Amino acid sequence: MFPELNSILSSSPENFTEGEFILLSDRQADASFLIHHYLTFYLRARCRVCFLGLVQSFSHYSVVSQRLGVNLTQAKEKGQLVFLEALKASPGVLLGDESSDKTAALDYLRSPCPELRGLYEFVWNSLSRAGGEDAAESWGPPVLIIDDLSVLLSLGVSAGAILDFTHYCQATICSQLQGSMIALVRCDDEEYDEDEESSNYLLKALSHQCSLSLRVEGLSTGYCRDIHGQVEIWWRGRGIKNQRKIFQYKVHDKGASFFAPGTSRAVL
Amino acid sequence: INTKLTRHVRDKVVEKFKAGTTHNCVCVRVCVCVCVCVCVCVSPAEEDQNDSYSRLLLQYFLAEGVVSGHQLYLASARDDPDDMIQTELASSSRFGHCYDLSKRMDTQMLQAVQRHTFYPPQEKTDEQTSSLGPYAGLLKSIQTVIHREGFDGSVRNVLRLGLHSLGSALWGDDVCFSESPASGHALTTFLYALRALLRSSLSVAMVTVPAHLIQVSAVLGRVVKLSDAAVALESFSSSERQTNPLYSDYHGLLHIRQVPHLNCLMCEAPDNKDLAFKLRRKQFSIEKLHLPPDLSETVSRVSKAKGESPACGSAPTGHTPLDF
């Protein structure tokens, strides 16, 4: 996790808001560094985490988390982390191999009209038993992390089906179980907002559902080696609680630094 | 390899993993689990030429495989892959990793290479039942080769896959001529599954896509995001070259759309992303785009002549006498 981001968001593994739906998004940039932040944050906070690995393999997150001081393999063995290796299982499912994964979680790859009910059931089964029958330790609130939602559009799942899925997840995990949900949506400038199957449409709809939004964008002035982009943080509360702030950021080998626009060390 | 970009990207990737991992075998494995996607954008007048630029990069990629003793897998819908391999580049010069475009590779060297090809006219077409559409056969073939040759288990060699012009109509895909294609997600689903296969084996793939033909704007962005590294070649039309003095020395721009950051938070960012390419007689060179110093006419003419010698260094060089 990134200490600077924690202080900006006024949260820490010992003290964080429950029941949050955090929406991460990017445009002309890559917000996946925030996924690593939240994964390590909630594991440090001793929450039970269900991670849907739709775009990268477990070993990728494991190596990065190691650098950030969290051991994913251990967390998986202890039962704290449930990781769905959706990416690696996909060729077998798509080609209808005999030996492939038969679980309903990957149904969105199978059926002629792909939908996500099977995936939702997987999430529910992973997180609904908060303590676990055989758990020696009881974990904190359940957390769902999805990396990422927009790849489902590339696989032929409709935006409507994705929104249904997130709605069900939010209702169960955030409202019912008082846990949190973090999802990443990746967008492009080339897509038209009116296109109902575009990431932009998905992003708009999810922005209304979320309680906290972090939008990562490249700099409007173009590529810069020392400033990788900017993050707009939007606390979607009511009245005074509704506020937006913009920070510029730079990602390092072992973390990320955030600073007010124009105050990068490279510039000052 | 003379295409500095691929080497640049590959060097950065290898550097990163060597720093982060302790086992050499793991280092080799992770550094090859990438899919490089070369997208070609073109101004309409130059169509044919531009498929030849991306095809050239593919040939460099495969030639490097031949020299390194890797196995090759080449899939093409337009040209017979066997023919493509036969017309490979020659290996010349001291380092063995510099290629001369005006020569052909030694046939003995080519014969020693283990190769697998996929040419749709020669494959039997199964029914397209999955969302892979016309690419189901290709994915099955790749999966079979990887498993049969042991790249997902015991073999300590690399499989280099070259997939030519995916998305074009010759593959049976209508994403390049329809605004609402029937197999709308076939290409992206295929690239997704390809990534999965690469992650579980010692293989690396280079895919070329005729970006200028794709009618659905969202598809290209998705193709880039589904690749680990992505490069776009944008060639100049002849009028652009004449009007803009900055472009007169080059054939087009090379845009880096995506740099891989596998197994790390962030890879080293390049200094600048303004690169241009030029197809010379003996090499395809990629250089940093910059204005030559504002010196007198005679001096800049001399510096242009210097640019003819093949450059095998790892850093892109300009063509002014002041660079060293």
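Refer to the structure presented above.
The structure presented is a predicted model; accordingly, all values stated were derived computationally and were not measured.

(A) Expanded view of the overall build of chain B. Within chain B, the regular secondary structure consists of ten helices and eleven strands. Split into buried and exposed, the 324 residues of chain B put 55% on the buried side.

(B) Fine view of helix H2 (residues 32–44) of chain A. All names here are of chain A. In this model, H2 (13 residues) spans 19 Å end to end at C-alpha, consistent with the 18 Å of a helix rising 1.5 Å per residue. In terms of burial, H2 is largely enclosed, as twelve of its 13 residues are buried. Within H2, the full set of buried residues consists of Ser 32, Phe 33, Leu 34, Ile 35, His 36, His 37, Tyr 38, Leu 39, Thr 40, Phe 41, Tyr 42 and Leu 43. Note on H2: the residue one or two positions beyond its end, Arg 46, has a positive phi of about 60°.

(C) The sheet that holds strand S6 (residues 212–217) of chain A, seen in detail. All names here are of chain A. With mixed pairing, the nine strands of this open sheet are ordered in space as S3-S2-S4-S5-S1-S6-S7-S8-S9. The sheet is open, and its two borders are formed by strand S3 (81–85) and strand S9 (256–259), each paired with just one other strand. Across the sheet, the mean angle separating the axes of adjacent strands is 20° when strand polarity is ignored. As paired strands, strand S4 (residues 140–147) and strand S5 (residues 180–187) are joined by four bridges and run parallel to one another. The residue of S5 that forms the bridge with Val 143 is Ser 180. Those strands touched by helix H7 (residues 117–127) are strand S2 (47–53), S3 and S4, and its axis lies near 160° from that of S2.

(D) Region of interest: empty space enclosed by the protein. Here the structure, examined in full by the defined rule, presents two cavities of 30 Å³ or more. There is about 390 Å³ of room inside the largest cavity. For the largest cavity, the lining is made up of 30 residues, of which Val 55, Asp 148 and Arg 186 of chain A together with Arg 195 and Lys 225 of chain B are closest to its centre. Elements that contribute at least two residues to the lining of the largest cavity include exactly H2, helix H3 (58–67), helix H8 (150–154) and S5 of chain A together with helix H8 (217–225) of chain B.

(E) Spotlight on the interface of chain A and chain B. On the side of chain B, 37 residues touch chain A, which itself brings 47 residues to the contact. When chain A packs against chain B, the two sides together hide about 3400 Å² of surface, and 57% of this comes from carbon and sulfur. On the chain A side of the contact with chain B, Leu 94, Leu 95 and Tyr 223 of chain A bury the most area, a combined 18% of that side's loss. Remark: the boundary between chain A and chain B carries eleven residue pairs in polar contact (both at pLDDT 80 or more). Looking at the side of chain A that touches chain B, the elements that each hand over two or more residues are H2, H3, helix H5 (86–94), H8 and S5 of chain A. When its residues are assigned to classes, the side of chain A that touches chain B shows 20 nonpolar, 14 polar and 13 charged.

(F) Geometry of unusual backbone geometry. Look at the link from Asp 147 of chain A to Asp 148 of chain A: it is a cis peptide, with omega at -15°. Along the chain, Asp 148 of chain A turns up in the loop between S4 and H8. Positive phi values are uncommon outside glycine, yet Ser 10 of chain A reaches one of about 50°. Considering the arrangement of structural elements, one finds Ser 10 of chain A in the loop between helix H1 (3–8) and strand S1 (21–27). Positioned with a positive phi, Asn 263 of chain B is a non-glycine residue whose angle comes to about 65°. Residue placement: Asn 263 of chain B occurs in the loop between strand S9 (252–258) and strand S10 (275–279). Taking relative accessible area as the criterion, Asn 263 of chain B reaches 6% and is therefore assigned buried.

(G) Just the state of the cysteines, in detail. Residue and element names in this part refer to chain A. Summed over the entire model, instances satisfying the criterion amount to zero disulfides over all chains. Considering cysteine sulfurs only, Cys 174 is the nearest to Cys 47, which forms no disulfide, with 12 Å between them. Residue Cys 47 is classed as buried on the basis of its relative accessible area, which comes to 0%. Between Cys 50, a free cysteine, and Cys 169, which holds the nearest cysteine sulfur, the sulfur-to-sulfur gap is 8.6 Å.

(H) Representation of the packing of aromatic side chains within the structure. Residues and elements named next belong to chain A. For the coordinates displayed, the defined rule picks out 18 aromatic pairs over all chains. Here Phe 51 and Phe 83 contribute two aromatic rings whose centre-to-centre distance is 5.2 Å and whose plane-to-plane angle is 5°, an arrangement assigned as stacked. Highlighted residues: Phe 51 in strand S2 and Phe 83 in strand S3, separated in sequence by 32 residues. Residues Phe 51 and Phe 83 agree in their burial class; the two are buried. Here the aromatic rings of Phe 58 and Phe 83 are separated by 5.0 Å at their centres, their planes lie at 80°, and the arrangement is edge-to-face. Of this pair, Phe 58 sits in helix H3 while Phe 83 sits in strand S3; the two residues are 25 residues apart in sequence, bridging distant segments of the chain.

(I) Region of interest: the side chain of His 116 of chain B. Structurally, His 116 of chain B can be placed in strand S5 (residues 115–118). By relative accessible area, His 116 of chain B is classed as buried at 10%.

(J) Inspection of the side chain of Thr 166 of chain A at higher detail. Its place among the elements puts Thr 166 of chain A in helix H9 (residues 159–176). Each residue touching Thr 166 of chain A, except ones within four places of it in the same chain, is listed here: Leu 149, Met 181, Leu 206 and Gln 209 of chain A.

(K) How the structure looks around the pattern of salt bridges. All names here are of chain A. By the definition in use, this model includes 15 salt bridges over all chains. Residue Arg 110 pairs with Asp 107 through a salt bridge whose shortest N-O separation is 2.9 Å. Placement of both Arg 110 and Asp 107 in helix H6 (residues 107–110) is noted, with a separation of three residues, approximately one turn of the helix. With a shortest N-O distance of 3.6 Å, Lys 250 and Asp 226 are connected by a salt bridge. Highlighted residues: Lys 250 in strand S8 (residues 243–251) and Asp 226 in the loop between S6 and strand S7 (229–235), separated in sequence by 24 residues. Among the charged side chains, a network of salt bridges with common partners joins Asp 26, Asp 30 and Arg 186.

(L) Focus on the environment of Pro 260 of chain B. Looking at the element boundaries, Pro 260 of chain B is found in the loop between S9 and S10. For Pro 260 of chain B, a relative accessible area of 4% gives the class buried.

(M) Main features of the environment of Phe 33 of chain A. Here Phe 33 of chain A shows up in helix H2. The sequence separation of Phe 33 of chain A and Ser 12 of chain A amounts to 21 residues, and the corresponding C-alpha distance is 18 Å. Not counting residues within four places of it along the chain, the set of residues in contact with Phe 33 of chain A comprises Phe 2, Val 216, Tyr 249, Val 251, Ala 256 and Phe 258 of chain A together with Leu 265 of chain B.

(N) Inspection of the packing of helix H7 (residues 186–199) of chain B against H8 of chain B at higher detail. Residues and elements named next belong to chain B. Where H7 meets H8, the closest approach of the two axes is 10 Å, and the angle between their N-to-C directions is 0°. With respect to H8, the axis of H7 lies roughly parallel. Contact with H7, carried on its side by Leu 187, Thr 188, Leu 191 and Arg 195, involves Arg 222, Val 223 and Lys 225 of H8 and no other residues of that element. Classifying every residue of the contact of H7 with H8 gives three nonpolar, one polar and three charged.

About the criteria used
Residues numbered from 1 in each chain as written. Chains lettered and ligands numbered in written order. Predicted model: local features only at pLDDT ≥ 70, side-chain atom pairs only at ≥ 80, totals over all residues. Heavy atoms only, no water. Helix = DSSP H or I, 4+ residues; strand = E, 2+ residues; numbered from the N terminus. Buried < 20%, exposed > 50% of the residue type's maximum accessible area, 1.4 Å probe, protein only. Expected span 1.5 Å × (residues − 1). Pairing = 2+ DSSP bridges. Axes fitted to C-alpha atoms, helices over the stretch in contact; angles between N-to-C directions. Contact = heavy atoms within 4.5 Å. 1 Å grid on protein atoms, 1.4 Å probe; cavity = no way out; pocket = protein on both sides within 12 Å on 5 of 7 lines; lining within 4 Å. Points joined across faces, edges and corners; volume = space filled by probe spheres on them. Buried area = accessible area lost by both parts, 1.4 Å probe. Polar contact = N/O pair within 3.5 Å; in protein donor to acceptor, adjacent residues only side chain to side chain. Nonpolar A, V, L, I, M, F, W, Y, C, P; charged D, E, K, R; others polar. Disulfide = S-S within 2.5 Å. Phe/Tyr/Trp six-rings, centres within 6.5 Å; stacked < 30°, edge-to-face > 60°. Salt bridge = Lys/Arg side-chain N within 4 Å of Asp/Glu carboxyl O. Parallel < 35°, antiparallel > 145°, perpendicular 65-115°, else oblique.

By themselves, these figures tell us nothing about what the structure is for.
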